[in-house]
Amino acid sequence: MQDNFSEALAHVNTNSRPSDLRITDIRVCDVVGLPMHCTLVKVYTNQGLVGLGEVRDGGSRNFLLALKSRLIGENPCNIDKLFRRIKQFGGHARQAGGVCAIELALWDLAGKAYGVPVYQMLGGKFRDKVRLYCDTDVEGRHTGKEMGQALKKRMEKGFTFLKMDLGIDLLYHEPGALSAPLGFVEELAAAADYNPIARSLSPDARTLRNRKYDMNNIPHPFTGIQVTEKGFDILEQYVADVRSVIGYEIPLAIDHFGHIPLGSCIRLARRIEKYNIAWMEDMIPWQYTGQYVQLARSTTIPICTGEDIYLKENFRPLVEAGGVSVIHPDILTSGGILENKKIGDMAQDHGVAMAVHMAESPIACMAAVHSVAATENFLALEFHSVDVPWWRDIVK
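Just so we're clear, the structure is a prediction, and the values are computed from it rather than from any experiment.

Novice: Residue-level account of the pairing of strand β3 (residues 50-55), with values.
Specialist: Of the strand pairs in this sheet, strand β2 (residues 38-45) and β3 are connected by six bridges, and their pairing is antiparallel. Residue pairing for β3: Val41 is matched across the bridge by Gly53. Connecting the antiparallel pair β2 and β3 is a turn made up of four residues, with Gly48 showing a positive phi of about 85°.

Novice: I'd like a rundown of the nonpolar core, residues and numbers included.
Specialist: Formed by 112 residues in total, the largest nonpolar core has its most connected members in Ile102, Met164, Leu166, Ile272, Met280 and Ile327. Per-element accounting of this core gives the leading share, 11 residues, to helix α4 (residues 97-114). With near-sequence residues (within four places) excluded, Ile272 lies in contact with Leu166, Glu236, Val239, Ile254, Ile277, Met280 and Ile301. The next biggest cluster of nonpolar side chains, apart from the first, holds nine residues, and it includes Ala278, Trp279, Cys304 and Ala355.

Novice: How would you sum up unusual backbone geometry? Please name residues and give values.
Specialist: Look at the link from Leu34 to Pro35: it is a cis peptide, with omega at 15°. The topology assignment puts Pro35 in the loop between β1 (23-31) and β2. Positioned with a positive phi, Ala93 is a non-glycine residue whose angle comes to about 60°. Along the polypeptide, Ala93 turns up in the loop between α3 (79-86) and α4. At Asp282, a residue that is not glycine, the phi angle is positive and equals roughly 50°. Relative to the elements of secondary structure, Asp282 occurs in the loop between β9 (277-281) and α11 (289-297).

Cut-off values and rules
- Residues numbered from 1 in each chain as written.
- Predicted model: local features only at pLDDT ≥ 70, side-chain atom pairs only at ≥ 80, totals over all residues.
- Heavy atoms only, no water.
- Pairing = 2+ DSSP bridges.
- Helix = DSSP H or I, 4+ residues; strand = E, 2+ residues; numbered from the N terminus.
- Core = buried A, V, L, I, M, F, W, Y, C linked by side-chain atoms within 4.5 Å.
- Buried < 20%, exposed > 50% of the residue type's maximum accessible area, 1.4 Å probe, protein only.
- Contact = heavy atoms within 4.5 Å.

Functional significance is not addressed by these values, which are geometric in nature.
Dropping the structure here:
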């Protein structure tokens, strides 16, 4: 009998015994320029398996390390149990970084322990390929034609879905394009060149950075900025020039409008409806459900938001009220791989599609790929690192 047992084990992978798997350590490192500042995570176990995770760009490693004492000695395959234990220590935007990083690493460990892809553990896949949409920036003052050429280069690389910025920063130096308390636009323009996540600053430099941060984060309804007819003319012409280069066949989403009030958002949306916009993203703070409903009912352009929302229950008010046509979670804020799928499934019940925000390392990117592969109403996954030549080099 013993001989038969030994012979059987010779044909079985026993590198991992999932029931006996335990977390022994959690370590982090920082990588700059992915294109953001990212904190990568390794969760170690007693069987030599290591799970990979990631704190969202700009988030603090402290959100993660505070969870370490609550996880050492636990079986990482009990993903939902451990997530429910630690999710109270997460919050919206970057505050969710620690919880989501751990959740990703737990799924990675479970997949390695059982030898099964994560998407399979989520119920299987709806697709064999995941569409990426490519965000595109043009540095400095530029024209719509120049943005169109930049987007055209993305198309030549094989991207089938595009996104660009269309913000009031294009109007800062155009007399008569913006109406605001005198001097405020100039102050806003001067505060634009700052790094919100810079480390190791001197006290004076930190104070200056914080002042610029405050200037750039006045909520949209309270800035006192209005776009004038001249401003709308300039923004509309910019979009027209972009479409003249890339054509109308490819979807084009728009983001980073600047902190303007609901009325200006509605007027801008109506101006650019004719240019077949895939969605308008983060027009106003996501917490203002009523304003999102007004915006959505005032335009035919799909309205999109969600990258800073934590957990499924906080997406529900926007979705149920009809404030969005596309939800846009980030897997490093939403709650992680499983929570992101739950958010997509909840949105699907209300006829809302899901795109996924992603400006992170290959770790978060591949975690998002597994999650969206198993989510039926998925539309497209953001890719923000096309211009980082070594992005792929940090993975095997």
